[in-house]
Amino acid sequence: MKTIYFDNNATTNIAPEVIDEMLPYLRELYGNPSSMHTFGGQLHRKIEEARSRVAGLLGAGPEEIIFTSCGTESDNTALMSAVESVPHKKHIITSRVEHPAVLNFCKYLARKGYRATYLPVSKQGQLNVDELVKALDEDTAVVSLMYANNESGVIFPVAELGEMLKERGILFHTDAVQAVGKIPIDLKKLPVDMLSLSGHKLHAPKGVGALYVRKGARFHPYIIGGHQEHGRRAGTENVASVIALGKACELAGDNLSQEVIYLKGLRDKLENALLKSCPDARINGDVNSRLPNTTNISFEYVEGEAILLRLNEFGICASSGSACTSGSLEPSHVLRAMGVPATLIHGSIRFSLSRYNTEAEVDKVIEIMPPVIKELRQLSPFGRERIKK
Ligand code: PLP
């Protein structure tokens, strides 16, 4: 059975061109870029090429890119660096819908004596800029707000938020792990001080990421040791993966505008068909400001896990916003923050597409979902009632 992989916000396949680019650095060219000899030293040039490629996708300068081990490390580093840069300030602001890489780090800082404000979101998962203005005070060291949400796909008004924070001279970090490679980002125009990204969300391998730090912004390293990354992130470079990330960014940049149109077309077809063919279904998230590849749909009177298990039997991979499958016992904190009722959270499914998905795959899911939902509703007392009406 062929897998239909609609879970690209969880992770992506490595692009074939990316694998080709990285393989020599796993096989023959295994040197240490810090070595004096040519064998190792030649890798230094490749790392710098990768840095330029990552910078190129973002409209940044190569010197503004620091390679890390993942999105989580980039987020943790940004927050730690920010609070160390202004040691007299003890207030951090984030939102209730951030990824645990930010949320749990803020909780950690709160245990260390910092004050953390978690901004609410609207029913559409959107952030209200006025709420941020109200939360700011003299003591605010940093604001960390995600670019796009991993569960709902909602895109925050990062430019507007950044302008407002720039005027007030407050450091602004954005977790753009889900945005980079999916929508255009131009840091020449976007007033953010730090931005996180992760390789495995854009067809590079797992275990590599990057942190953008605006030139001139104060920075304190989080991983301390050797002189790598100009003393900003110690540890021998993950050479092959860094090169892979560079290639993945180049590929993403080459086709971004066409890809946005392609993915939006597939996603909208899937979404519209499911809303039409499955009664009592609704979209979670701001449809006017969403990643082109993501749809999060709640099917009332069904358990999301039950849907996932049935889809799995057809080789279809997706995610749910409820317990177990997402590795936690709690229903999605994102959907809860959006005020989605518990029954709808438990019946929520996220489909997230990539450039490797096809219309034929979308058609297959459109064909399979309605009978699956109907069959599962027949198993639930509430569902049976609803079907009778
Ligand atoms: N931030 C967001 C929004 C994410 O979706 C993820 C991963 O799912 C991360 C951070 C963490 O990235 P990584 O898996 O590379 O640590």
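Residues numbered from 1 in each chain as written. Predicted model: local features only at pLDDT ≥ 70, side-chain atom pairs only at ≥ 80, totals over all residues. Heavy atoms only, no water.

Participant: What exactly am I supposed to notice about the sheet that holds strand 12 (residues 319-320) here?
Facilitator: Each strand in a sheet pairs with its neighbour through backbone hydrogen bonds, running either in the same direction (parallel) or in the opposite one (antiparallel). Across the sheet, which stays open at both edges, the 4 strands sit in the order 9-10-13-12 with antiparallel pairing between neighbours. Of all the strands in the sheet, just strand 9 (281-283) and strand 12 have a single pairing partner and so form its edges. Looking at chain direction, strand 10 (residues 294-299) and strand 13 (residues 348-352) are connected through 5 bridges and run antiparallel. Bridge pairing in strand 13 places serine 298 opposite serine 348. Its contacts with the sheet place helix 8 (residues 239-277) against strand 9, strand 10 and strand 13, and it is angled at close to 10 degrees to strand 10. (Pairing = 2+ DSSP bridges. Helix = DSSP H or I, 4+ residues; strand = E, 2+ residues; numbered from the N terminus. Contact = heavy atoms within 4.5 Å. Axes fitted to C-alpha atoms, helices over the stretch in contact; angles between N-to-C directions.)

Participant: Help me understand the pattern of salt bridges in this model?
Facilitator: Pairing of side chains with opposite charge becomes possible as their charged atoms draw close. With the rule as written, the count across this model stands at 24 salt bridges. Across the pair glutamate 49 and arginine 53 runs a salt bridge whose closest N-O atoms are separated by 3.7 Å. With glutamate 49 and arginine 53 both in helix 2 (residues 38-58), this residue pair falls 4 residues apart, about one helical turn. Judged by its relative accessible area of 18%, arginine 53 is buried. Here aspartate 268 and arginine 267 are joined by a salt bridge, their closest N and O atoms 2.8 Å apart. For aspartate 268, a relative accessible area of 19% corresponds to the buried category. Residues participating in the shared-partner salt-bridge network are Glu21, Lys46, Glu49, Arg53, Lys247 and Glu250. (Salt bridge = Lys/Arg side-chain N within 4 Å of Asp/Glu carboxyl O. Buried < 20%, exposed > 50% of the residue type's maximum accessible area, 1.4 Å probe, protein only.)

Participant: I tried to follow the sheet that holds strand 6 (residues 171-175) on my own but got confused; where do I start?
Facilitator: With mixed pairing, 7 strands are arranged side by side in an open sheet as 2-8-7-6-5-3-4. The open sheet has two edge strands, strand 2 (65-68) and strand 4 (115-119), and neither has a second partner. With direction set aside, neighbouring strand axes in the sheet form an average angle of 20 degrees. Bridge analysis of strand 3 (residues 91-95) against strand 5 (residues 140-144) gives 3 bridges, and the strand direction is parallel. By the bridge assignment for strand 5, histidine 91 is matched with threonine 140. Contacting strand 2, strand 7 (194-198) and strand 8 (209-213), helix 2 runs over the sheet at an angle of about 115 degrees to strand 2. Sitting on the sheet, helix 3 (residues 71-85) touches strand 2, strand 3, strand 5, strand 6, strand 7 and strand 8, and the angle it makes with strand 7 is about 165 degrees.

Participant: Looking at this structure, how should I read the site of the ligand?
Facilitator: As a matter of local geometry, the ligand sits amid 13 residues, with Thr72, Asp175, Gln178, Ser198 and Lys201 nearest to it. Within the side chain of histidine 200, one N or O atom sits 2.9 Å away from an oxygen atom of the ligand. Burial of the ligand by the protein amounts to 88% of the accessible area it has alone, namely 390 Å². At 3 residues, the largest contribution of residues to the shell around the ligand is made by helix 3. The residue makeup of the shell around the ligand, split by class, is 3 nonpolar, 7 polar and 3 charged. (Near = heavy atom within 4 Å. Polar contact = N/O pair within 3.5 Å; in protein donor to acceptor, adjacent residues only side chain to side chain. Areas by Shrake-Rupley, 256 points an atom, 1.4 Å probe, with all protein chains shown as cover. Nonpolar A, V, L, I, M, F, W, Y, C, P; charged D, E, K, R; others polar.)

Participant: Help me out: how do you make sense of the nonpolar core in this one?
Facilitator: Across soluble globular proteins, you tend to see nonpolar side chains buried next to one another. Counting residues in each nonpolar core, the largest one holds 70 residues, and the members touching the most others are Leu58, Leu132, Phe156, Ile185, Leu195 and Leu245. Both domain 1 (4-11 + 255-388) and domain 2 (16-252) contribute no fewer than three residues apiece to this core. When near neighbours in sequence (up to four residues on either side) are disregarded, leucine 132 contacts Ile93, Leu119, Val143, Leu145, Leu161, Met164 and Leu165. (Core = buried A, V, L, I, M, F, W, Y, C linked by side-chain atoms within 4.5 Å. Domains from an automatic or database assignment.)

Participant: Explain helix 9 (residues 304-313) to me, please; I cannot follow it from the model alone.
Facilitator: Since the α-helix advances by 3.6 residues per turn, residues separated by three or four positions end up pointing in the same direction. Among the residues of helix 9, those classed as buried are Gly304, Glu305, Ile307, Leu308, Arg310 and Leu311. Summarising the contacts, the buried residues of helix 9 are in contact with strand 10, strand 11 (316-317), strand 12, helix 11 (342-346), strand 13 and helix 12 (359-379). Backbone geometry just downstream of helix 9 places glycine 315 in the positive-phi region, at approximately 80 degrees.

Participant: What should I look at first to understand the environment of valine 133 in this one?
Facilitator: With respect to the element layout, valine 133 can be found in helix 5 (residues 129-135). Residues valine 133 and leucine 165, 32 residues apart in the sequence, show an inter-C-alpha distance of 8.8 Å. Discounting residues that sit within four places of it in the chain, valine 133 has contacts with Met164 and Arg168.

Participant: Teacher, can you tell me more about the domain arrangement of the chain here?
Facilitator: Interface size, as often reported, equals the accessible area lost upon joining of the parts. Segmenting the chain into domains produces domain 1 (4-11 + 255-388) and domain 2 (16-252). Averaged C-alpha coordinates put domain 1 and domain 2 at centres separated by 29 Å. Facing 28 residues of domain 1, the contacting portion of domain 2 comprises 32 residues. Buried area between domain 1 and domain 2, summed over both chains or domains, comes out near 2600 Å², and the portion from carbon and sulfur atoms is 53%. Together, Leu256, Leu291 and Met338 form the three largest contributors to the area buried by domain 1 at its contact with domain 2, with a combined 23%. (Buried area = accessible area lost by both parts, 1.4 Å probe.)

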